[in-house]
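# A look at the structure
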Amino acid sequence: MSEKLRVAATGLLLAVLAGLVLLVVRPSLNPAQVRPLPLIALAWIAFLTAAWLLRQLPLRTAAGLILLGGVAVQAAAVSAPPRLSDDLYRYIWDGRVQAAGIDPYAYVPAARQLTGLRDEFLWHPDADYCVRQRFVSTHPAADVSTGCTAINRPTVPTIYPPVAEAYFLGVHYLPSADDSTTPIQASTAGVAVLITVLLMAGLSRLGRDLRLAALWAWCPTVALEAGNSAHVDVLAVGIAAAALLLLATARGRTRQTVLGGVLLGLAIATKVTPVLTVPAVLRRRWVTVALAAGGAFVTVYIPHVLAVGGKVIGFLPGYLQQEGYENGTRFGIIGLFVTGKLATAVAVLILAAVAMAVLRYADPDRPWQGALVMTAAALAVTTPRYEWYALLLVMLVALDGRVEWLAFAAGAFYAAEPVLGRYTLPGQLHLAVAYGVPVLIVTVGWLVRRELARRADGARPAPSYRLVTRELNLERTGPSGP
């Protein structure tokens, strides 16, 4: 295939990808009423095919396509209100509360103390989440008032860490950010594009193929969860990517190591998932990294601890209980074999074992490899229903290059959208399929790569007797003159 034809085909596939994203976020453009999951599956096919075609294009052409395609899919996603998640309404609310001079951890959204901040954008009779008089009467200690809102879980505190809350406050001051979803969607889409630029620069600096950045820029998970759902996980992933790139190239440079550790701590203080990268970065100067990360994490929490004390924990304990992690009913794959508290114990043991293996064998020059294993293991063990939890994995795959690991991100969509009519699996079996199939795909990919490497080693000609003798003589006597 000629270069022009390859460019044209890649551009066409990116247009198809953007069009499919548009159909997902704008159901009115989908007269056949096709469910989101088949459309997302087609988007994955277009994405992977385009990424495959990109491999043979010149670097400058590829870089342009990566950026243009990344902007196009984000623009398609931003063009409609959130379709697959409504978490961003909590983001908008938390920004509004902070702008009013109130700590975001102090009150739940339905609190009587915050009724003066309500407006028709977030609070209206047709909204999905209502606090009824019966709840108010039966929970007098909650001190909440009735009302319907777009904010999910309006009677529980926020779950988001301080750096995320600072981001929400910053977005609040953008034009129309208090009564429209577009500003926070566009901001998060912009963060996703900046991550693409960061990955391209980082890969180039490492002497690796910058075309791998397309695995992040064009991924349907990134398009839908950044530009449309505006999940703050994108910001956490961006900070974590910067931290990994700094720590991978720091070697003996203390200042760079400290900065990388600080960024890692800030990433964890944005969304807890980047903590999965920690075992992979502790092989080199672990004390410095740990102190820098821990110091940054603690520092951003101090103002909130002084303001509200233990309330900074937010809804995290309640979330773990609500999702079934505390009682062991939430583990899709492990649940096929054991349930209850034993399932929780098995999950902890598996993750601890993987963390110890990563800590022992991770390459400090390529920490994303160990971080990818740790993150995939966490997804396989915890089997979350939320596809945006795989955003960290997508970034790590872009740095690592092993495309088969993206199966976890694709499977996460099935975990979130399991309804397929008569083909719907019973109970939580779909979670085992959603994350069990990626485990098989990665295993097969590992076996194939191992076999190809073995054949490549076997195909290399063995050194001749004369060459070996000459090398031995050179080692003994040193090289001869010219």
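Residues numbered from 1 in each chain as written. Predicted model: local features only at pLDDT ≥ 70, side-chain atom pairs only at ≥ 80, totals over all residues. Heavy atoms only, no water.

## What about empty space enclosed by the protein?
Taken as a whole, this structure holds two cavities of 30 Å³ or more when the rule is applied. Of the volumes computed, that of the largest cavity is approximately 80 Å³. Contributing elements (two or more residues each) for the lining of the largest cavity: α10 (233–250) and α12 (278–281). Broken down by class, the residue content of the lining of the largest cavity amounts to eight nonpolar, one polar and two charged. Estimates place the volume of the second largest cavity at around 40 Å³. Secondary-structure elements contributing two or more residues to the lining of the second largest cavity are α4 (88–99) and α6 (162–172). (1 Å grid on protein atoms, 1.4 Å probe; cavity = no way out; pocket = protein on both sides within 12 Å on 5 of 7 lines; lining within 4 Å. Points joined across faces, edges and corners; volume = space filled by probe spheres on them. Helix = DSSP H or I, 4+ residues; strand = E, 2+ residues; numbered from the N terminus. Nonpolar A, V, L, I, M, F, W, Y, C, P; charged D, E, K, R; others polar.)

## Some words on the nonpolar core
Taken as a class, soluble globular proteins show a tendency for nonpolar side chains to be buried jointly. Counting 135 residues, the largest nonpolar core has Leu 17, Ile 66, Trp 216, Trp 218, Met 395 and Phe 408 as its most contacted members. Sequence-distant contacts of Leu 17, defined by excluding residues within four places in its chain, comprise Ala 43, Ala 46, Phe 47, Val 73, Trp 218 and Pro 220. (Core = buried A, V, L, I, M, F, W, Y, C linked by side-chain atoms within 4.5 Å. Buried < 20%, exposed > 50% of the residue type's maximum accessible area, 1.4 Å probe, protein only. Contact = heavy atoms within 4.5 Å.)

## Quick word on the packing of α10 against helix α17 (residues 391–400)
α17 packs onto α10 with a crossing angle of 35° between their chain directions and a minimal axis gap of 9 Å. For α10 against α17, the interelement crossing comes out right-handed. Residues Asp 233, Val 234, Val 237, Ala 240, Ala 241, Leu 244 and Leu 245 of α10 form the contact with α17, whose participating residues are Leu 391, Leu 392, Met 395, Leu 396 and Leu 399. (Axes fitted to C-alpha atoms, helices over the stretch in contact; angles between N-to-C directions. Left-handed = near helix turned anticlockwise from the far one by under 90°.)

## Notes on the confidence of the model for the protein
Across the protein, the average pLDDT comes to 91, with 95% of residues at 70 or higher. The low-confidence segment residues 474–482 (pLDDT under 50) makes three contacts with residues lying over four places distant or belonging to another chain. (pLDDT = per-residue confidence, 0-100.)

## Quick look at the environment of Val 197
Relative to the helices and strands, Val 197 is located in helix α7 (residues 182–205). The spacing of Val 197 and Gly 227 is 30 residues in sequence and 16 Å in space, taken between C-alpha atoms.

## A closer look at the side chain of Arg 90
Within the element layout of this structure, Arg 90 appears in helix α4. For Arg 90, which is buried and forms no salt bridge, the nearest opposite charge comes from Asp 94, at a distance of 4.6 Å. A polar atom in the side chain of Arg 90 sits 3.2 Å from the backbone oxygen of Val 156. Once you skip the residues sitting within four places of it in the chain, Arg 90 turns out to touch Pro 109, Ile 151, Asn 152, Arg 153, Val 156, Pro 157, Thr 158 and Tyr 160. (Lys, Arg positive; Asp, Glu negative; His and termini not counted. Salt bridge = Lys/Arg side-chain N within 4 Å of Asp/Glu carboxyl O. Polar contact = N/O pair within 3.5 Å; in protein donor to acceptor, adjacent residues only side chain to side chain.)

## Structural notes on α4
With twelve residues, α4 should cover 16 Å at 1.5 Å per step; its first-to-last C-alpha distance of 17 Å lies within 8% of that length. Most of α4 sits inside the fold, with eleven of its twelve residues counted as buried. Leu 88, Tyr 89, Arg 90, Tyr 91, Ile 92, Trp 93, Asp 94, Gly 95, Arg 96, Val 97 and Gln 98 are the residues of α4 that are buried. Along its buried surface, α4 packs onto α6, α7 and α9 (220–228). Downstream of α4 by one or two residues, Gly 101 has phi in the positive range, about 85°. (Expected span 1.5 Å × (residues − 1).)

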